[in-house]
Amino acid sequence: MYQPGLKGVIAVETELSNIDGAQGILTYRGTEIQTIIQDYSFEEIAYFLLHGKNPLDTEFQAFQENLKRYRIMPAYLQQIIDQLPEDQSMMDVLRTAISAVSTQESAMYDNAVQLIAITPTIIAYRFNQLRKKPVITPNDNLDHVANFMIK
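Okay, so let's go over this structure. Because the structure is a prediction, the values reported are computed rather than measured.

Definitions and cut-offs
- Residues numbered from 1 in each chain as written.
- Predicted model: local features only at pLDDT ≥ 70, side-chain atom pairs only at ≥ 80, totals over all residues.
- Heavy atoms only, no water.
- Helix = DSSP H or I, 4+ residues; strand = E, 2+ residues; numbered from the N terminus.
- Contact = heavy atoms within 4.5 Å.
- Areas by Shrake-Rupley, 256 points an atom, 1.4 Å probe, with all protein chains shown as cover.
- Lys, Arg positive; Asp, Glu negative; His and termini not counted.
- Charge placed at Lys NZ, Arg CZ, Asp CG, Glu CD.
- Buried < 20%, exposed > 50% of the residue type's maximum accessible area, 1.4 Å probe, protein only.
- Phe/Tyr/Trp six-rings, centres within 6.5 Å; stacked < 30°, edge-to-face > 60°.
- Lys NZ or Arg CZ within 6 Å of the ring centre and 35° of its normal.
- Salt bridge = Lys/Arg side-chain N within 4 Å of Asp/Glu carboxyl O.
- Patch = residues over 30% accessible without salt bridge, like charges linked within 9 Å, V, L, I, M, F, W, Y side chains within 5 Å.
- Expected span 1.5 Å × (residues − 1).
- Arc of directions from axis to C-beta.

A short note on the overall build of the chain
Item 1. Each helix and strand in the chain was counted, giving seven helices and three strands.
Item 2. Going residue by residue from the N terminus, the α and β elements of the chain occur as β-β-β-α-α-α-α-α-α-α.
Item 3. C-alpha atoms of the chain, sized along the principal axes, occupy 50 × 45 × 30 Å.
Item 4. Within the chain, contacts between residues at least 6 apart in sequence are counted, and of these 51% link residues at least 24 apart.
Item 5. Carbon and sulfur atoms provide 56% of the accessible area of the chain, an area that totals close to 10100 Å².
Item 6. Distance between charge centres in the chain, computed from 12 positive and 18 negative side chains, equals 8 Å.

Right, dumping it as structure tokens:
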């Protein structure tokens, strides 16, 4: 029988999320998305998705410190982005940059945290580069979202 799009096709099974399209419900780790986005910060959501639980204060502080550490873009990555054609789409820039970040030797968890932290820095770097504006380095006094918004 013909099924348009991916209707009825299971692309992958996961315990992380569930989509009930008929009811319009999206859950992550058993919690509805509306609750998650209304009650938690970006950093808290990222921690929750990675760990499956809300962080204790000490765990959250350590997680935030890791995000701060990984927000800084290494010089080799700036050089890679600088060599990309100006007409290359942002998605292509991200794919290339993330592939370069992912080649670094690190545990999967550390790599995931690094990608969460550095992706906005990559976008902001490319945005400013194309507009011939100065690079704005991440500010440790700002949270993840605020750092992205000032770029």
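Once you've had a look at it, read on.
Examining unusual backbone geometry
Item 1. At Arg29, a residue that is not glycine, the phi angle is positive and equals roughly 50 degrees.
Item 2. Secondary-structure assignment places Arg29 in the loop between β2 (25-28) and β3 (31-32).
Item 3. Phi is positive for Lys132, which is not a glycine, with a value near 55 degrees.
Item 4. Among the structural elements, Lys132 can be located in the loop between α6 (108-130) and α7 (144-149).
Item 5. Lys132 sits in the exposed class, given a relative accessible area of 63%.

Concerning the packing of aromatic side chains
Item 1. Applying the stated criterion across every chain, the model contains one aromatic pair.
Item 2. In this arrangement the basic side chain of Arg69 is found over the ring face of Tyr70, its NZ or CZ atom lying 4.4 Å from the centre.
Item 3. Across from the ring centre of Phe127, 3.7 Å away, lies the NZ or CZ of Arg131, which sits over that ring.

Focus: the pattern of salt bridges
Where charged atoms of side chains with opposite charge meet at close range, the side chains can pair.
Item 1. The tally for this structure, following the rule as stated, stands at four salt bridges.
Item 2. Of the charged contacts, one joins Glu65 and Lys68 as a salt bridge, the two residues approaching to 3.5 Å between their closest N and O atoms. Placement of both Glu65 and Lys68 in helix α3 (residues 57-71) is noted, with a separation of three residues, approximately one turn of the helix.
Item 3. Classification of Glu65 by relative accessible area gives partly exposed; the value is 46%.
Item 4. Relative accessible area serves as the criterion here: at 23%, Lys68 is assigned to the partly exposed category.
Item 5. Between Glu86 and Lys132 there is a salt bridge whose closest N-O contact spans 3.1 Å. Residue Glu86 is found in the loop between α4 (75-82) and α5 (90-102), and its partner Lys132 is found in the loop between α6 and α7; the two are separated by 46 residues along the sequence. Residue Glu86 shares its accessibility class with Lys132, and that shared class is exposed.

Things to note about a nonpolar patch on the surface
Item 1. Nonpolar side chains collect at one region of the surface, where Phe42, Val145, Phe148 and Met149 lie side by side and expose about 380 Å² of accessible area between them.
Item 2. Take the nonpolar patch: its biggest share by element is three residues, from α7.
Item 3. Take Val145: its relative accessible area is 39%, and that puts it in the partly exposed class.

Things to note about α5
Item 1. Compared with an ideal rise of 1.5 Å per residue, which puts 13 residues at 18 Å, α5 spans 18 Å between its outermost C-alpha atoms and is within 8% of the ideal.
Item 2. Those residues of α5 that sit buried are Val93, Leu94, Ala97, Ala100 and Val101. Along the long axis of α5, the arc covered by the buried residues comes to 130 degrees, so they all point the same way.
Item 3. Structurally, α5 contributes buried residues whose contacts are with α4 and α6.

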